[in-house]
2 protein chains.
Amino acid sequence: MSDKNKSLLLVAHGSRRASSNEEIRQLTDRLADSADGAFGRVSCAFLELAEPSIPDGIELAIQAGATEVVVLPYFLSAGRHVAEDIPELVAPKQSEHPTVEIRISTYVGAAEGIIELLLSTAAESGVIES
Amino acid sequence: MSDKNKSLLLVAHGSRRASSNEEIRQLTDRLADSADGAFGRVSCAFLELAEPSIPDGIELAIQAGATEVVVLPYFLSAGRHVAEDIPELVAPKQSEHPTVEIRISTYVGAAEGIIELLLSTAAESGVIES
């Protein structure tokens, strides 16, 4: 089901390497292509070293009409960035926009499908025989 | 199909935070539980800041009887670590053990299923309605 008012914000660390940030932007484009209307808008933001920042990314989504924003931490481990930095950047935006629902989803490393993803990736390398 | 001689080595960056390294070890245990015999051994190694190192991880797999080792980079972007550091650590072990097949698989961020994983993770946050 399509919902123009739902926005997905992929949040990455950000890198000094422009190509790493570009990789995130390209992934975001592919995500938008595959979201199949479940999210009216898919965009990305960065914790540091690249733009937009997380607060700016949330603000842009809201200005574009989002009434629900899912912040998806593109991180593999539950370090300080996931546990503290991202929530601390999201909270003031939530206070600023009390009628918008802003949720932080599970980070990638704790995603339910991560085990299958790893096993299928290992399999693609041609080692698992059927 | 089970193959005792195939070994999967999950390679993470390594962290100063013991809990982050422990998270990798726990993920490795879950991976071993789910590998369903496709790999006789599933273990992890770290690029830096934790043990075992990547060469030691490969060596341990071979000493345990592996004739094929799949090195899976647990990284989200194609930075220097994935493009250079890991291959440069793997190459000498391959030279040292020419009869063992050592392959480096796709890193997590470029895995075929990453888009679906991200969308299902966003959906789990309760925002996608059916």
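Our subject in this report is the structure included herewith.

Thresholds, definitions, all that
Residues numbered from 1 in each chain as written. Chains lettered and ligands numbered in written order. Predicted model: local features only at pLDDT ≥ 70, side-chain atom pairs only at ≥ 80, totals over all residues. Heavy atoms only, no water. Pairing = 2+ DSSP bridges. Helix = DSSP H or I, 4+ residues; strand = E, 2+ residues; numbered from the N terminus. Right-handed = clockwise from strand over helix to strand, strands pointing away. Expected span 1.5 Å × (residues − 1). Bend = angle between axes of the 7 residues up to and from the residue. Buried < 20%, exposed > 50% of the residue type's maximum accessible area, 1.4 Å probe, protein only. Salt bridge = Lys/Arg side-chain N within 4 Å of Asp/Glu carboxyl O.

### A closer look at the pairing of strand β4 (residues 101-104) of chain B
Residue and element names in this part refer to chain B. One ladder, built from four bridges, connects strand β3 (residues 68-73) with β4; its direction is parallel. Along β4, the bridge assignment pairs V70 with R103. Each parallel crossover has a hand, and for β3 linked through helix α3 (residues 80-96) to β4 it is right-handed.

### Quick look at helix α3 (residues 80-96) of chain A
Residue and element names in this part refer to chain A. Along its 17 residues, α3 runs 24 Å from first to last C-alpha, staying within 8% of the 24 Å computed at 1.5 Å per residue. Considering bend angle alone, the principal kink of α3 is centred on P87 and spans about 30°. What α3 keeps buried is the set H81, V82, D85, I86, V90 and K93.

### Points about the pattern of salt bridges
Considering all chains together, one arrives at 10 salt bridges over all chains under this definition. Across the salt bridge formed by E101 of chain A and R103 of chain A, the nearest N and O atoms sit 2.8 Å from each other. Overall, the relative accessible area of 37% leaves E101 of chain A in the partly exposed class. Among the residues examined, R103 of chain A registers a relative accessible area of 23% and is labelled partly exposed. A salt bridge links E96 of chain B to K93 of chain B; the nearest nitrogen and oxygen atoms lie 3.2 Å apart. Placement of the pair is E96 of chain B and K93 of chain B together in helix α3, with a separation of three residues, close to one helical turn. By relative accessible area, which is 9% here, K93 of chain B ends up buried. Residues joined by salt bridges that share partners form a network here, namely E59, K93 and E96 of chain A.

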